[in-house]
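Geometric and topological summary
Here are the chains, one letter per residue:
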Amino acid sequence: MMKNALYTLCAIAISLLIGKLIYALIPFIPASLYGMMFYCLLLKLNLVSPDNVEKTNQWLIRYMGICFVPAGVGIMNHFDLVKSYGFTILSIIIVSTFILLTFVAWCSQRIFKQSHSIEPR
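This section reports on the structure supplied with the text. (Residues numbered from 1 in each chain as written. Predicted model: local features only at pLDDT ≥ 70, side-chain atom pairs only at ≥ 80, totals over all residues. Heavy atoms only, no water.)

**Section: the side chain of Thr56**
The criterion, for reference: Strands here are runs of E lasting at least two residues and helices are runs of H or I lasting at least four, both read from the DSSP assignment and numbered beginning at the N terminus. In what follows, residue pairs with any heavy atoms lying within 4.5 Å of each other are defined as contacts.
Within the secondary structure, Thr56 sits in helix H3 (residues 50-62). Every residue in contact with Thr56, bar those within four places of it in the chain, is listed here: Asn4, Ala5 and Thr8.

**Details of the packing of helix H1 (residues 2-25) against H3**
Going by this rule: For helices, the fitted line uses only the C-alpha atoms of the stretch in contact; every axis is such a line through C-alpha atoms, and the angle between N-to-C directions lies from 0 to 180 degrees. Each angle is binned into one of four classes, with values under 35 degrees roughly parallel, values over 145 roughly antiparallel, values of 65 to 115 roughly perpendicular, and all other values oblique.
One way to put it is that H1 packs onto H3 with a least axis distance of 8 Å and a crossing angle of 80°. Relative to H3, the element H1 is oriented roughly perpendicular. Side by side, H1 and H3 meet where Asn4, Ala5, Tyr7, Thr8, Leu9 and Ile12 of the first sit next to Asn52, Val53, Thr56, Asn57 and Leu60 of the second.

**Description of unusual backbone geometry**
Applicable threshold: Each residue's exposure class comes from its accessible area (1.4 Å probe, protein chains only) as a fraction of the maximum for that residue type: buried when under 20%, exposed when over 50%, partly exposed otherwise.
For Asn46, which is not a glycine, the phi torsion comes out positive at approximately 60°. For Asn46, a relative accessible area of 57% translates into the label exposed.

**A look at a nonpolar patch on the surface**
Note the cut-off: What makes a patch is a set of residues exposed beyond 30% relative accessible area and free of salt bridges, joined within 9 Å when like-charged and within 5 Å when nonpolar (Val, Leu, Ile, Met, Phe, Trp, Tyr). Every accessible area reported is derived by Shrake-Rupley at a probe size of 1.4 Å, with residue values counting cover from the shown protein chains alone. The salt bridge definition used is simple: a Lys or Arg side-chain nitrogen within 4 Å of an Asp or Glu carboxyl oxygen.
On the surface, a nonpolar cluster with roughly 750 Å² of combined accessible area is contributed by Ile75, Met76, Phe79, Leu81, Val82, Tyr85, Ile89 and Ile93. Sorting the residues of the nonpolar patch by element identifies helix H4 (69-77) and helix H5 (79-117) as the ones contributing at least two each. With six residues, the top contributor of residues to the nonpolar patch is H5. With respect to the secondary-structure elements, Ile93 resides in helix H5.

**Comments concerning the nonpolar core**
Side chains of nonpolar character tend, in soluble globular proteins, to be buried together. The line we're drawing: Side-chain atoms within 4.5 Å link the members of a nonpolar core, which is a set of buried Ala, Val, Leu, Ile, Met, Phe, Trp, Tyr and Cys residues.
Counting five residues, the largest nonpolar core is built from Ala11, Tyr39, Leu42, Val48 and Val53. What Ala11 contacts, discounting residues up to four positions off in sequence, is Tyr39 and Val48.

**Considering helix H2 (residues 31-44)**
Where we set the bar: A helix is expected to reach a length of 1.5 Å times the quantity of its residues less one. The arc under discussion is defined with respect to the helix axis, by the directions toward the C-beta atoms.
For H2, built from 14 residues, the straight-helix expectation of 20 Å at 1.5 Å per residue is met to within 8% by its first-to-last C-alpha distance of 20 Å. Looking at H2, one finds that the buried residues are Ala31, Tyr34, Gly35, Tyr39 and Leu42. Looking straight down H2, one finds that the buried residues subtend no more than 140° of arc, so they occupy a single side. Facing away from the buried side of H2, by more than 90 degrees, are the exposed residues Met36 and Lys44. Close packing links the buried residues of H2 with H1 and H3. Just downstream of H2, Asn46 is the residue with a positive phi angle, here 60°.

**With respect to the environment of Glu54**
For Glu54, the position within the fold is in helix H3. For Glu54, a relative accessible area of 42% corresponds to the partly exposed category. In this structure the C-alpha to C-alpha distance between Glu54 and Ala5, which are 49 residues apart in sequence, comes to 9.5 Å.

Shown next, in the form of structure tokens:
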């Protein structure tokens, strides 16, 4: 288990490092997103074994909520702002979520249609 955890953490660290290098050249999206895309590419190309990283990744995801505790504390520290602008914040969250879901669904539908319109040879 420890060997797989070290393997996974090294793969994630290398991916993040490469993401930061790409961000230094192309500052279009955050470095962590570049790193995640590179990590997915490593998994897709089997350069990183999915079997070796599965248990550690599941463990990291299970305890990811701990990372959001500081955000909750920050909200409580600025509760007066949340109380004053709560409806505005909630409205922005709902509208932006709706726009994002609509855009993702539209893109998925286009990709799905394109993949099924290509006839096999």
